[in-house]
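Residues per chain are reported as follows:
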Amino acid sequence: MRKDLPELVAYAHELEMYTNLITSAIGFTRSRALELKEAGLDSVQISFQADEAQLADAIAGTKAHSRKLEAARMTRELGFPLTINVVLHRENIGHLSRMIALSEELDAQRLELANTQFLGWAFKNKEALLPTRSQVKEAHAIAEAAQVRLRGKMEVLYILPDYLGDRPKPCMNGWGRRFLTVNPMGEVLPCQTAGVIPSLLFDSVRQHSLQWIWHESPAFNRFRGTEWMPEPCQSCPQREIDFGGCRCQSFLLTGDAANTDPACSLSPYRNQLTALVENIEQHSITPPAFTATTTHTRPIHFRTNPKGLPVRLAQPTAPSRDRISTGG
C-alpha cells in the first residue's frame, strides 16, 4: 500500500467525500487499517478469486487467500462496511454458490459478482477465461436467487459478460461524464484502460490542471456526448443510456475506438464478436487453466516485468494495486 494513503483519505474526508479502499488485502494490516479509520475512511472492498485456497491461490499466483480472509474479518471487527468483489471467469464461475456463502459468513454488506471484462491482459487470455453460455446461464440463476433471498441483508450485484449480451453497458456512465483516473505517471484518463487506444494523447497533471484536462483536453472531449457517434448509435433511442458502449472494447475488437461496440446486437461488427465467441466455445479445453501447482493446461499469456521475468496475471480485469475511490 502506498505510504500516503492516510493523508489522501484525510484530505478527502475534509472535503466531505466518501472514500472506499479497493484492495487485494495484501499489505492491509491492522495498523494500516486503524490509520485509515482514524483518517476517515468510509468503507473497504476486498477482491477474492475463489471460495477456497487451492483454486484462489492458483488464480492469484500467490498464497493470498488466507490473508484476504483475515483482512475481511478484521475489516468487520473495526466497523467498516465490507464489499467483496469476485471477478468471474471460466475457472471460478462454478464456485458461485460457495462464494455467496463465504460472503455471508464474512458479514459482507455488498457482493459484486462481475464477469471478466476482456480488456488489457484479460483480452489476451480471452480464450482461456471466457465462460460458456451454459455456465453464464446457471450463474445468472444462482445470483438472482441470492438477490431475492438476501434482500435487506446483503446487496448482491451480478454483471453479465459483455460478450454474451445483446446491449452494451454504459462504460463509465459515458466517456468524460463522471469518472477520471490519474495513473502513476500523472496522466489523466477517462477510464483506467483508455491507454489502450493509441490515437489518444492523455494530458498530465504535471502540465495542466485537472479542471483544464476535464473540460478542454482533446482526449476527454473525443467521445464525450453523442455528436461523435456513427450510425446506428447516432439515431438510436438508447444513445443517452449506453453511450455507444465501451471505446476500449470497440478498439480491441474492431481496430477503431469510434466504431459501435460489437457487444450491441445492432452493431455492424456484431458478427465478428459472435464468430469469436463461437470459436472459443467450439475449441474450449476441458482441463482447467489454473491448478494447485500453477501448471497451466491451457495457454495463458503473462505480462513481463522490466527484468524480463514472467509475472502472474492475478485479477483478470484490473491491476492488483490498492486504490482509493471517492464519491461526492
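These numbers were taken from a predicted model, which means no experiment stands behind them.

Let us look at the side chain of N259. Note on placement: N259 falls in the loop between α12 (247-254) and α13 (270-282). Residue class for N259 comes out buried when judged on its relative accessible area of 13%. The residues touching N259, leaving out its near neighbours within four places in the chain, are R247, S250, T254 and Y269.

Here N183 is to be found in the loop between β6 (181-182) and β7 (188-189). For N183, the side chain forms a polar contact with the main-chain nitrogen of M185, separated by 2.9 Å.

Our next topic: a nonpolar patch on the surface. Side chains of L180, V182, V205 and L210 sit close together on the surface and give an oily, nonpolar patch of about 290 Å² of accessible area. Within the fold, V205 resides in the loop between β7 and α9 (210-216). Residue classification places V205 among the partly exposed residues on the basis of a relative accessible area of 38%.

This part is about the packing of helix α1 (residues 5-14) against helix α2 (residues 30-39). At a closest axis distance of 8 Å, the pairing of α1 and α2 adopts a crossing angle of 20°. With respect to their mutual orientation, α1 and α2 come out roughly parallel. As α1 runs across α2, the sense of the crossing is right-handed. Facing α1, whose interface residues are L5, P6, V9, A10 and H13, α2 presents R32, E35, L36 and A39. In terms of residue class, the contact of α1 with α2 is built from six nonpolar, one polar and two charged.

What counts, and where the lines are drawn
Residues numbered from 1 in each chain as written. Predicted model: local features only at pLDDT ≥ 70, side-chain atom pairs only at ≥ 80, totals over all residues. Heavy atoms only, no water. Helix = DSSP H or I, 4+ residues; strand = E, 2+ residues; numbered from the N terminus. Buried < 20%, exposed > 50% of the residue type's maximum accessible area, 1.4 Å probe, protein only. Contact = heavy atoms within 4.5 Å. Polar contact = N/O pair within 3.5 Å; in protein donor to acceptor, adjacent residues only side chain to side chain. Patch = residues over 30% accessible without salt bridge, like charges linked within 9 Å, V, L, I, M, F, W, Y side chains within 5 Å. Areas by Shrake-Rupley, 256 points an atom, 1.4 Å probe, with all protein chains shown as cover. Salt bridge = Lys/Arg side-chain N within 4 Å of Asp/Glu carboxyl O. Axes fitted to C-alpha atoms, helices over the stretch in contact; angles between N-to-C directions. Parallel < 35°, antiparallel > 145°, perpendicular 65-115°, else oblique. Left-handed = near helix turned anticlockwise from the far one by under 90°. Nonpolar A, V, L, I, M, F, W, Y, C, P; charged D, E, K, R; others polar.

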